[in-house]
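# Notes for the structure review
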Amino acid sequence: MINNSNENILLDDANSPDVNRKLMSVVSADFVKVADTLKEASYVIRKRGFTENPIFVASRRVVDVGQLLLGPKEITDNAWTYRASLLEEFVQRKLVAEESVEAFRENYKNPDEYCCLFVIDGDFAGFIFIPFPED
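Worth saying up front: this structure is predicted, and the values here are computed from it rather than measured.

### Thoughts on the overall build of the chain
The helix and strand inventory of the chain stands at three helices and five strands. Reading the chain from its N terminus to its C terminus gives the helix and strand order α-β-β-β-α-α-β-β. For the chain, the accessible surface area stands at approximately 7,500 Å², while carbon and sulfur atoms represent 48% of it.

### Digging into the sheet that holds strand β4 (residues 114–121)
If you walk across this open sheet you meet the five strands as β2-β3-β1-β4-β5, and the pairing is mixed. A single partner strand is all that each edge strand has here, and the edge strands are β2 (67–70) and β5 (124–131). Between one strand axis and the next, the sheet turns by 35° as a mean value, whatever way the strands run. Bridge count between β4 and β5: eight bridges; the pairing is antiparallel. Counterpart to Cys115 in the pairing with β5 is Ile130.

### Looking at the pairing of strand β1 (residues 54–59)
In terms of burial, β1 is largely enclosed, as six of its six residues are buried. Taking every second residue as pointing to the same face, both faces of β1 are buried, with Pro54, Phe56 and Ala58 on one and Ile55, Val57 and Ser59 on the other. Both β1 and strand β3 (residues 81–86) contribute to a ladder of six bridges, which runs antiparallel. Bridged to Ser59 within β3 is Thr81. Bridge analysis of β1 against β4 gives four bridges, and the strand direction is parallel. Opposite Phe56, over in β4, you have Leu117 as the bridge partner.

### Notes on the environment of Leu68
With respect to the helices and strands, Leu68 occurs in strand β2. Considering only alpha carbons, one finds Leu68 and Arg83, 15 residues apart in sequence, at a separation of 4.4 Å. In contact with Leu68, not counting residues within four places along its chain, are Thr81, Tyr82 and Arg83.

### A look at the packing of aromatic side chains
Two measures describe an aromatic ring pair: the distance that separates the ring centres and the angle between the ring planes. Summed over all chains, the structure comprises seven aromatic pairs. For the pair Phe90 and Phe118, a centre-to-centre distance of 5.2 Å together with 80° between the ring planes defines the contact as edge-to-face. Taken together, the residues span a long stretch of sequence, with Phe90 in helix α2 (residues 87–92) and Phe118 in strand β4 at a distance of 28 residues. Phe118 shares its class with Phe90; the two are buried. Pairwise contacts between aromatic rings join Phe90, Phe104, Tyr108, Phe118, Phe127 and Phe129 into one cluster. Sitting over the ring of Tyr114, Lys109 keeps its end group 5.2 Å from the ring centre.

Thresholds, definitions, all that
Residues numbered from 1 in each chain as written. Predicted model: local features only at pLDDT ≥ 70, side-chain atom pairs only at ≥ 80, totals over all residues. Heavy atoms only, no water. Helix = DSSP H or I, 4+ residues; strand = E, 2+ residues; numbered from the N terminus. Areas by Shrake-Rupley, 256 points an atom, 1.4 Å probe, with all protein chains shown as cover. Pairing = 2+ DSSP bridges. Axes fitted to C-alpha atoms, helices over the stretch in contact; angles between N-to-C directions. Buried < 20%, exposed > 50% of the residue type's maximum accessible area, 1.4 Å probe, protein only. Contact = heavy atoms within 4.5 Å. Phe/Tyr/Trp six-rings, centres within 6.5 Å; stacked < 30°, edge-to-face > 60°. Lys NZ or Arg CZ within 6 Å of the ring centre and 35° of its normal.

See the structure below:
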């Protein structure tokens, strides 16, 4: 769900093979280290009624989206920073257009099985749904 237009609005090409491959490859080794923490945070966010669509921002640089959940090196040498956010914050910040909310929700995968990551890698950013490792 990313569009590099001047409008800075993320649209409907989520999990395209090229986007997926690039983002998955840069974050997957780190994700395995923090997956249990993100899964628990997703559960708590939903259980407390904040949103049904938690989004975790993964970045190697400082970003001002969401609340800090894990910094680098907090869990077994993770390299990325993870911030907890909500679909509603992405809409408020105009990262997801209001007219795209329904499409986003339709494409949102089961949060008990998948983590919705918004990965920021250099000048590139996009959503991926990465499966939580099975126990």
